[in-house]
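A structural walkthrough
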Amino acid sequence: LQAMSGSEQDWLALRPQEPSPSQCCGGGCKPCIYDVYEKELAQWERAKAKQDKSLLMEKREQSCNSVLNPDTFTAFSVSSVEQLTEDTYQYKFELPGNSSLQLSLGQHIVLRGMVNGLEVQRAYTPISPGNAEGYFEVLIKCYEAGLMSQYIKTWKKGDMVFWRGPFGGFPYQPNKHGELLMLASGTGLAPMLPILQSITDDEEDETFVTLVGCFPTFDKIYLKPLLQDLARYWNIRIFYVLSQETSLEKLPQSYQENTYTGRLNEDLMKTLINSCRRRPFVLICGSSAFNEDMTRYLKAAGIEENSCFVF
């Protein structure tokens with residue numbers, strides 16, 4: 001076998017790496033990481049055919065500007081880390097100048113992490129308003145055995161973290177639905193918050209909202225002060241369903257009348273729907289098991305799939 005020439009080896013080193021399945025977040029992103037790879041591979045093949053490495057440069061320049069982009073990862077600096085519960089953290093990232101992410105409601109962004117030399121990608125929804133200037137915030141639950149969680153737990157102020165996006169989102173329009181019923185489990189609260197904040201910030205938007213937050217215990221409810229503030233608006237109601245609490249007596253008085261113990265089951269779903277002031281359009285976000293259960297209970301309560309949106 002003829003030894004590879006030095007330049008041949010150089011070109012091989014520049015060849016884009018094919019993504020491994022763990023890198024695809026499965027969120028149906030456009031472009032998906034595989035689309036980005038195809039594009040970069042085609043670019044590499046063109047450059048190699050012409051033996052012109054400068055044709056590879058455009059990709060690099062693009063990722064240096066500090067603007068979020070769906071095709072390339074951009075680095076953002078961690079400006080604060082706040083632990084909310086034993087396993088959930090709120091991370092704040094700096095945006096250059098007074099720029100904002102310009103997300104539409106409920107859109108998610110994709111995080112890239114390196115763990116033991118393996119690249120992993122996961123999707124998260126910022127909880128800060130889409131037009132927040134100079135920063136964005138993300139709510140993340142860390143799992144003991146989670147690959148990405150091991151990486152996230154190392155973050156400290158000043159670290160650079162790579163994101164791309166935005167993707168997905170719920171095409172929310174003010175006053176389009178009489179009432180939104182939001183069913184959120186744990187960090188599934190994230191995509192609901194920007195929508196809630198846009199409704200409370202818009203005096204013309206008279207949409208009623210019933211948010212149902214499902215958590216194991218009272219201590220595990222995230223962002224209580226923010227939720228308490230939102231619940232003061234005339235058109236917002238917030239209920240909690242606490243699967244591991246057995247009695248409401250220990251809860252603060254202000255929580256007792258809007259909290260249920262046990263799981264959100266078919267009967268409780270019917271009760272919640274009957275308490276809505278209008279026929280609701282339903283937003284669902286949680287684990288895949290939670291999303292499936294909720295869709296099933298809604299169907300039993302007579303709410304069809306065209307009146308639901310699952311994040």
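Residues numbered from 1 in each chain as written. Predicted model: local features only at pLDDT ≥ 70, side-chain atom pairs only at ≥ 80, totals over all residues. Heavy atoms only, no water.

As recorded in an unreviewed UniProt entry, the protein chain goes by the name NADH-cytochrome b5 reductase-like, listed as coming from Onychorhynchus coronatus. The UniProt entry for the protein chain carries the following comment under Cofactor (unreviewed entry): "FAD". According to UniProt, the comment filed for the protein chain under the heading Catalytic activity (unreviewed entry) is "2 Fe(III)-[cytochrome b5] + NADH = 2 Fe(II)-[cytochrome b5] + NAD(+) + H(+)". (UniProt positions renumbered as here; feature names shortened; annotations may be inferred.)

On to the sheet that holds strand β4 (residues 118-124). With antiparallel pairing, 6 strands are arranged side by side in an open sheet as β4-β3-β6-β1-β2-β5. Strands at the two margins of the open sheet, each flanked by one partner only, are β4 and β5 (135-141). The mean inter-strand angle of the sheet, taken between neighbouring strand axes irrespective of direction, is 40 degrees. (Pairing = 2+ DSSP bridges. Helix = DSSP H or I, 4+ residues; strand = E, 2+ residues; numbered from the N terminus. Axes fitted to C-alpha atoms, helices over the stretch in contact; angles between N-to-C directions.)

Moving on, we come to the nonpolar core. Grouped together as the largest cluster of nonpolar side chains are 33 residues, with contacts concentrated most on Leu180, Met182, Ile195, Leu211 and Leu227. Taken together, the elements giving at least two residues each to this core come down to β7 (179-185), α5 (192-201), β8 (208-215), α6 (224-230), β9 (236-242) and β11 (280-285). For this core, the element with the most residues is α5, which contributes 5 residues. Residues from two domains meet in this core; each of domain 1 (74-167) and domain 2 (179-310) gives at least three. If we skip the residues at most four places from it in the chain, methionine 182 touches Met192, Ile195, Leu196, Val209, Thr210, Leu211, Val212 and Leu283. In terms of nonpolar packing, the next biggest core, distinct from the first, is built from 24 residues, Leu101, Leu103, Met148 and Val161 among them. (Core = buried A, V, L, I, M, F, W, Y, C linked by side-chain atoms within 4.5 Å. Buried < 20%, exposed > 50% of the residue type's maximum accessible area, 1.4 Å probe, protein only. Domains from an automatic or database assignment. Contact = heavy atoms within 4.5 Å.)

Time to look at the sheet that holds β7. One open sheet accounts for 6 strands, arranged β10-β9-β8-β7-β11-β12; its pairing is parallel. Only two strands of the sheet have a single neighbouring strand rather than two, namely β10 (259-261) and β12 (308-310). Neighbour-to-neighbour, the strand axes of the sheet open up by a mean angle of 15 degrees, direction not taken into account. Taken together, the 7 bridges between β7 and β8 define a ladder with parallel strand orientation. If you follow methionine 182 over to β8, its bridge partner there is leucine 211. The sheet strands contacting α5 are β7, β8, β9 and β11, and the helix crosses β7 at an angle near 150 degrees.

This model, assessed by the stated rule, comprises 9 salt bridges. A salt bridge links lysine 141 to aspartate 87, with the nearest nitrogen and oxygen atoms 3.9 Å apart. With lysine 141 in strand β5 and aspartate 87 in the loop between β1 (74-83) and β2 (88-94), this residue pair connects regions lying 54 residues apart in the sequence. For glutamate 179, the salt bridge identified is with arginine 277, shortest N-O distance 3.3 Å. Of this pair, glutamate 179 sits in strand β7 while arginine 277 sits in the loop between α8 (266-275) and β11, and the two are 98 residues apart along the sequence. When its relative accessible area of 0% is taken as the criterion, glutamate 179 is described as buried. The class of arginine 277 is partly exposed, set by a relative accessible area of 36%. In the salt-bridge network here, residues are joined through shared partners; they are Glu179, Arg237 and Arg277. (Salt bridge = Lys/Arg side-chain N within 4 Å of Asp/Glu carboxyl O.)

UniProt marks Arg122, Tyr124, Leu139, Lys141, Met148 and Ser149 with the feature "binding site: FAD" (unreviewed entry), using the numbering shown here. Separation in sequence by 28 residues is not matched in space for these annotated residues, since their most distant C-alpha atoms are only 13.9 Å apart. Here leucine 139 is to be found in strand β5. Accessibility expressed as a relative area gives 3% for leucine 139, which makes it buried. In contact with leucine 139, other than residues within four places in its own chain, are Leu84, Thr88, Tyr89, Tyr124, Ile127, Thr187, Tyr222 and Leu223. Position of serine 149 relative to the elements: it lies in helix α4 (residues 147-152). Taking relative accessible area as the criterion, serine 149 reaches 6% and is therefore assigned buried. Those residues in contact with serine 149 that sit more than four places away from it in its chain are Lys141, Cys142 and Tyr143.

Quick look at the UniProt feature "domain: FAD-binding FR-type" (unreviewed entry) in the protein chain now. The UniProt record marks residues 71-173 with the feature "domain: FAD-binding FR-type" (unreviewed entry), using the residue numbering of this structure. Overall, residues 71-173 shows 6% helix and 46% strand. The separation of its end C-alpha atoms is 27 Å.

So, on to empty space enclosed by the protein. Following the criterion strictly, the structure yields 2 cavities of 30 Å³ or more and no others. By volume, the largest cavity is sized at about 50 Å³. Considering the residues around the largest cavity, the lining is formed by Leu103, Ser104, Leu105, Gly106, Gln107, Thr125, Pro126, Ser128, Pro129, Gly130 and Pro194. For the lining of the largest cavity, the residue count by class is 5 nonpolar, 6 polar and no charged. For the second largest cavity, the calculated volume is near 30 Å³. Surrounding the second largest cavity, Leu95, Leu101, Leu103, Ser128, Pro129, Gly130, Ala132, Tyr135 and Phe136 form its lining. Looking at the lining of the second largest cavity, its residues break down into 7 nonpolar, 2 polar and no charged. (1 Å grid on protein atoms, 1.4 Å probe; cavity = no way out; pocket = protein on both sides within 12 Å on 5 of 7 lines; lining within 4 Å. Points joined across faces, edges and corners; volume = space filled by probe spheres on them. Nonpolar A, V, L, I, M, F, W, Y, C, P; charged D, E, K, R; others polar.)

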